[in-house]
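Single-letter residue listing:
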Amino acid sequence: MFLRGSKKRRSNRSQEEEDPDRGQPCMRCGDQCPGFRVHGWRKICVHCKCVREEHAVRPVPGQLEKMMTKLVSDFQRHSISDDDSGCASEEYAWVPPGLKPEQVYQYFSCLPEDRVPYVNSPGERYRIKQLLHQLPAHDSEPQYCNSLDEEEKKELRLFSQQRKRENLGRGVVRLFPVTMTGAICQQCGRQICGGDIAVFASRAGHGSCWHPQCFQCASCSELLVDLIYFYQDGQIYCGRHHAERLKPRCQACDEIILADECTEAEGRYWHMKHFCCFECEAALGGQRYIMRESRPYCCSCYESLYAEYCDTCGEHIGIDQGQMTYDGQHWHAVDSCFCCARCQLPLLGRPFLPRRGLIFCSRSCSLGEDPNNSDSCDSALQSRSPHHNRRYGTAEKHHKLQCGSPLHNQRTDPVTLHPPSESQSAAATLWTRMRMKMRMRRGCKRVRKTRRMKMRAREVSEAGYI
Ligand SMILES: [Zn+2]
Ligand SMILES: [Zn+2]
Ligand SMILES: [Zn+2]
Ligand SMILES: [Zn+2]
Ligand SMILES: [Zn+2]
Ligand SMILES: [Zn+2]
Ligand SMILES: [Zn+2]
Ligand SMILES: [Zn+2]
């Protein structure tokens, strides 16, 4: 059914009000977040910007439960195994099906304690979080997506059905028969002996088995939640990472990209219209942007949120300027700012000695010795810095600009250098080489054509995602 704009907005709003996770506290942010409220299309909390699964601490929300039941029943229809879904017990929120109580205990004893889904435990919260994360509802059900057109809805259904038919499976937990010589775990390569408990995945071949703690996604290395895996090219994946092997995922809305075109930047993908500033949502297509933690920002938002100040001159470091960063300190990447605190020798591309928040060219400078009368300036260090020539030149020009930097008076008042108390040998080990970091990225955004998904998985994987 087609919805007109106003109707659709209304339905979104009521969906938001009915959201079962609304108001849930954030496990990561604690008191900092007043409670989950979903962003219009990003699938994150508008308050703390964390994902839903960081907030969902209640028992499996109704909607998710429905989705899981559907996934599992779909799986059974396509499955060649004799498995049924895991049934909860009084003690556990979920147990692998078909096991005797002592085998359930044996299975869970292989897992880290905080991954065991005891009712009302961190392990149960971990399970819910992983259900939401590993099996995103919007990877299979168009109703959880933001704005698919009819063709894309059809394509998503096909994509999902095909993955269920060809890749989806659920691991089966069994005791390895004592009579047999044992097998090799597909993950760690170590022995699984007769009498051990093991996970079997029929998609991977009947002899393939894993230690319970080794049955994990090849991409994210998380334990596969409720033993649900997707098998592809000899590896097992969680649903999220299997989908990403076939199709790009939008970094902003977290949905699989079904459109013909998308934006690619630094190895990640966005819907064309979702490549926008994480703060103000200004469109960034064809614009300059700065990436921080895989999120693009417009220049002005970035500057107002994350401006750094130069430790030498005290001036703001503009986004177009090179920046040196070391141990929480920042400098302009110019000779006049990134230089020895005592002799002003430029240190760009050279080893330097950090000490008490200042940087030095040599141990003697760091000790406050007069660089003019020690031609040795550390013979031991000279060899490590063969182009060590002293130029005092124009460094001071910049220092006049700002007060408050630790270097301001250093030429006239060497006492401020605080002679070091550590032994000289310890000082020598502090030599560090810095690399210049340019924060500004330009021109690396480009549009990538995604091809329409074909019916066969083979063709899809050959379509060249990543
Ligand atoms: Zn949070
Ligand atoms: Zn939040
Ligand atoms: Zn193993
Ligand atoms: Zn994964
Ligand atoms: Zn998107
Ligand atoms: Zn912005
Ligand atoms: Zn500076
Ligand atoms: Zn020096």
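Note that the structure is predicted; figures quoted are calculated from it, not measured.

**Looking at the overall build of the chain**
Turning to step 1, where the next piece is worked out: A tally of regular secondary structure across the chain gives 12 helices and 20 strands.
Turning to step 2, where the next piece is worked out: Partitioning the intrachain contacts of the chain with sequence separation of at least 6 by distance along the chain shows that 48% fall at a separation of at least 24.

**Let's talk about the sheet that holds strand S5 (residues 197-200)**
Turning to step 1, where the next piece is worked out: Across the sheet, 3 strands lie side by side as S2-S5-S6; this open sheet has antiparallel pairing. The open sheet terminates on both sides in strands that have one partner only, identified here as strand S2 (172-175) and strand S6 (209-210).
Turning to step 2, where the next piece is worked out: Strand direction decides the pairing type here: S2 and S5, joined by 4 bridges, are antiparallel. Within the sheet, the bridge partner assigned to Leu175 lies in S5 and is Ile197.

**Quick notes on the confidence of the model for the chain**
Turning to step 1, where the next piece is worked out: Scored by pLDDT, the chain has a mean of 75; 69% of the residues are at 70 or more.
Turning to step 2, where the next piece is worked out: Taken element by element, the predicted model of the chain shows its lowest mean pLDDT in helix H10 (residues 395-401) (22) and its highest in strand S8 (residues 235-237) (98).
Turning to step 3, where the next piece is worked out: Here residues 1-10 is a poorly scored stretch, pLDDT under 50, and it has 2 contacts once near neighbours within four places are set aside; other chains count.
Turning to step 4, where the next piece is worked out: In the model, residues 374-466 has pLDDT below 50 throughout and makes 128 contacts with residues more than four positions away in sequence or in other chains.

**As for helix H5 (residues 150-166)**
Turning to step 1, where the next piece is worked out: When the terminal C-alpha atoms of H5 are compared, their 24 Å separation across 17 residues agrees well with the 24 Å that a helix rising 1.5 Å per residue should span.
Turning to step 2, where the next piece is worked out: Among the structural elements, strand S1 (168-170), strand S7 (228-232) and helix H6 (239-246) are those in contact with the buried residues of H5.

**Details of unusual backbone geometry**
Turning to step 1, where the next piece is worked out: The backbone phi angle of Lys49 is positive, close to 70°, even though this residue is not glycine.
Turning to step 2, where the next piece is worked out: Looking at the secondary structure, you find Lys49 in the loop between helix H1 (5-18) and helix H2 (62-78).
Turning to step 3, where the next piece is worked out: A residue is classified by how many C-beta atoms lie within 10 Å of it, and Lys49, with 16 of them, is partly exposed.
Turning to step 4, where the next piece is worked out: Positive phi is not limited to glycine here, since Asp254 has a value of about 70°.
Turning to step 5, where the next piece is worked out: Secondary-structure assignment places Asp254 in the loop between H6 and strand S9 (261-265).

**Details of the sheet that holds S7**
Turning to step 1, where the next piece is worked out: Taken in spatial order, the 3 strands make up an open sheet running S1-S7-S8, and their pairing is antiparallel. Taken across any chain shown, the strands that pair with only one partner, and hence form the sheet edges, are S1 and S8. On average, each strand axis in the sheet is inclined to that of its neighbour by 45°, with strand direction left out of account.
Turning to step 2, where the next piece is worked out: Sheet topology note: the S1/S7 ladder contains 3 bridges and is antiparallel. By the bridge assignment for S7, Arg170 is matched with Ile228.
Turning to step 3, where the next piece is worked out: Here H6 sits on the sheet and contacts S7 and S8; the angle it forms with S7, its principal contact strand, is near 25°.

**Let's talk about the nonpolar core**
Turning to step 1, where the next piece is worked out: Counting 34 residues, the largest nonpolar core has Ala198, Val199, Leu224 and Tyr229 as its most contacted members.
Turning to step 2, where the next piece is worked out: Among the elements that make up this core, the one with the highest residue count is S5 (4 residues).
Turning to step 3, where the next piece is worked out: Not counting residues within four places of it along the chain, the set of residues in contact with Val199 comprises Gly171, Val173, Cys209, Trp210, Pro212, Phe215 and Leu227.
Turning to step 4, where the next piece is worked out: Core analysis: the second largest hydrophobic core is formed by 24 residues, Ala243, Tyr269, Cys277 and Ile290 among them.

**Focus: the pairing of strand S10 (residues 268-271)**
Turning to step 1, where the next piece is worked out: Sheet topology note: the S9/S10 ladder contains 4 bridges and is antiparallel. Within S10, the residue paired with Glu264 across the bridge is Tyr269.

**So, the environment of Arg240**
Turning to step 1, where the next piece is worked out: Mapped onto the elements of the fold, Arg240 is located in helix H6.
Turning to step 2, where the next piece is worked out: The class for Arg240 is buried, based on 22 C-beta atoms found within 10 Å.
Turning to step 3, where the next piece is worked out: The spatial distance from the C-alpha of Arg240 to the C-alpha of Ser219 is 9.6 Å, given a sequence separation of 21 residues.
Turning to step 4, where the next piece is worked out: Once you skip the residues sitting within four places of it in the chain, Arg240 turns out to touch His133, Gln134 and Pro136.

**Re the environment of Cys277**
Turning to step 1, where the next piece is worked out: Along the chain, Cys277 turns up in the loop between S10 and strand S11 (290-292).
Turning to step 2, where the next piece is worked out: Distance from Cys277 to Ala252, taken between C-alpha atoms, is 10.0 Å for residues 25 residues apart in sequence.
Turning to step 3, where the next piece is worked out: For Cys277, the contacting residues outside a window of four places in its chain are Ala282, Leu284, Pro296, Tyr297, Cys298 and Cys301.

The rules behind each value
- Residues numbered from 1 in each chain as written.
- Chains lettered and ligands numbered in written order.
- Predicted model: local features only at pLDDT ≥ 70, side-chain atom pairs only at ≥ 80, totals over all residues.
- Helix = DSSP H or I, 4+ residues; strand = E, 2+ residues; numbered from the N terminus.
- Contact = placed C-beta atoms within 7 Å.
- Pairing = 2+ DSSP bridges.
- pLDDT = per-residue confidence, 0-100.
- Expected span 1.5 Å × (residues − 1).
- Buried ≥ 20, exposed ≤ 12 C-beta atoms within 10 Å, placed from the backbone.
- Axes fitted to C-alpha atoms, helices over the stretch in contact; angles between N-to-C directions.
- Core = buried A, V, L, I, M, F, W, Y, C linked by C-beta atoms within 7 Å.

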